[in-house]
Amino acid sequence: MDKSFWQLLLAAEVTPSKGRALIEAFGPCAVVTIDEFANSPLLAAGEAARVRACTANAPSSAGAHVIQGAERPPLLASIDDAPLAFFALGDSRCLYEPCVAIVGTRNASTYGRAVARKFASALAMAGATVVSGGAVGIDAAAHEGALSADGRSVAVLAGGVDRPYPSKNAGLFRRMRVTGCQVSTYACGMIAERHKFVERNEFIAGLSSAVVVIEAPARSGALTTALAARRFGRPIFVVPANIEAESFRGS
């Protein structure tokens, strides 16, 4: 499939089953325009509107590449209804090494950030790729810990890989792309939105052999990652802490 086709398909945000139907309808070597794709009778009005709002050549402009079908990491491909494709920016070879997710709250304690860095550094030195969501707090500490050990790290984004979020971590993302990458199941150019973070968290679990929850309050996105990991049959590890601390109540 042409890279612009995947850009249009991911912009539509369709289910995997509808995505497969669109692939079959347009053929394996599809090169289509935005209007041709948006006018497909398979698309609902909202899906077609998202397609029309996207830029077909955005992946090439950003330097992103697509990973699809049999090219997907085996752990991800083994999941029923896993994303059919996703974009990567950077060195995506690390996705085919053992991956461990480290997740937790944005409002992390000093203890939580220190533990995230410690675990990420140890995992990186053991040869694992550290996967997280690129956010401030535990995510950023995990990415930093992996890089401090000259290891590899992957940031899974809730928007396009060319739209790093939060922007304050742009420098961290640039460092990660030397040996690791940013990945997203969303089209290039798309902004991060609230509903996309749950899907982002599930994708983190899908890429990973295990999930480590560092610090999570009662209402935390990290818990959606843990629930997805349980659904996928992946082991979940939780760091102990003060049982009275609100920021560890979800843990």
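Residues numbered from 1 in each chain as written. Predicted model: local features only at pLDDT ≥ 70, side-chain atom pairs only at ≥ 80, totals over all residues. Heavy atoms only, no water.

Structural notes on the state of the cysteines
The criterion, for reference: Note on disulfides: each one is a pair of cysteine sulfur atoms within 2.5 Å. Categorising residues by exposure relies on relative accessible area from a 1.4 Å probe, with only protein chains included: less than 20% of the type maximum marks a residue as buried, more than 50% marks it as exposed, and the intermediate range marks it as partly exposed.
Counted according to the given criterion, the structure contains zero disulfides. Not engaged in a disulfide, the cysteine C94 finds its nearest cysteine sulfur in C181; these two sulfurs lie 4.2 Å apart. Relative accessible area serves as the criterion here: at 2%, C94 is assigned to the buried category. The closest cysteine sulfur to the non-disulfide-bonded C188 is located on C54, 9.7 Å from its own sulfur. Look at C188 and you get buried, because its relative accessible area is 3%.

Let's talk about the layout of surface pockets
As a reminder, the rule being used: Points on a 1 Å grid, built from protein atoms alone, make a cavity when a 1.4 Å probe fits but cannot get out and make a pocket when they are open with protein on both sides within 12 Å along at least 5 of 7 lines; residues with an atom within 4 Å of a point are the lining residues. Grid points are joined across faces, edges and corners, and a volume is the space filled by probe spheres set on the points. The way it works is that DSSP assigns letters per residue, a run of H or I at least four long becomes a helix, a run of E at least two long becomes a strand, and they are numbered from the N terminus.
Approximately 570 Å³ is the volume found for the largest pocket. Along its surface, the largest pocket is lined by 23 residues, and P16, D81, A82, P83 and T185 are the ones closest to its centre. Within the residue set of the lining of the largest pocket, elements represented by two or more residues are α1 (3-12), α2 (16-26) and α10 (194-207). For the lining of the largest pocket, the leading source of residues is α10, giving four residues.

As for the sheet that holds strand β2 (residues 85-90)
Short version of the rule: Here, a strand pair is defined by DSSP locating no fewer than two bridges between the strands. Structural elements are reduced to axes, namely lines fitted to C-alpha atoms, with helices fitted over the stretch in contact, and the angle between N-to-C directions of any two is expressed from 0 to 180 degrees. The contact rule is simple, with two residues in contact once any of their heavy atoms fall within 4.5 Å.
Strand order in the open sheet made by the eight strands is β1-β2-β6-β5-β4-β3-β7-β8, with mixed pairing throughout. The strands lining the two open edges of the sheet, one partner per strand, are β1 (65-68) and β8 (236-238). Taking the axes of each pair of neighbouring strands and ignoring which way they run, one obtains an average angle of 25° across the sheet. Pairing geometry for β1 and β2, over four bridges, is antiparallel. In the strand pairing of β2, H65 is matched with A88. With respect to the sheet, α10 is in contact with β2, β3 (99-104), β4 (129-132), β5 (152-156), β6 (181-184) and β7 (210-215), its orientation differing from that of β5 by roughly 150°.

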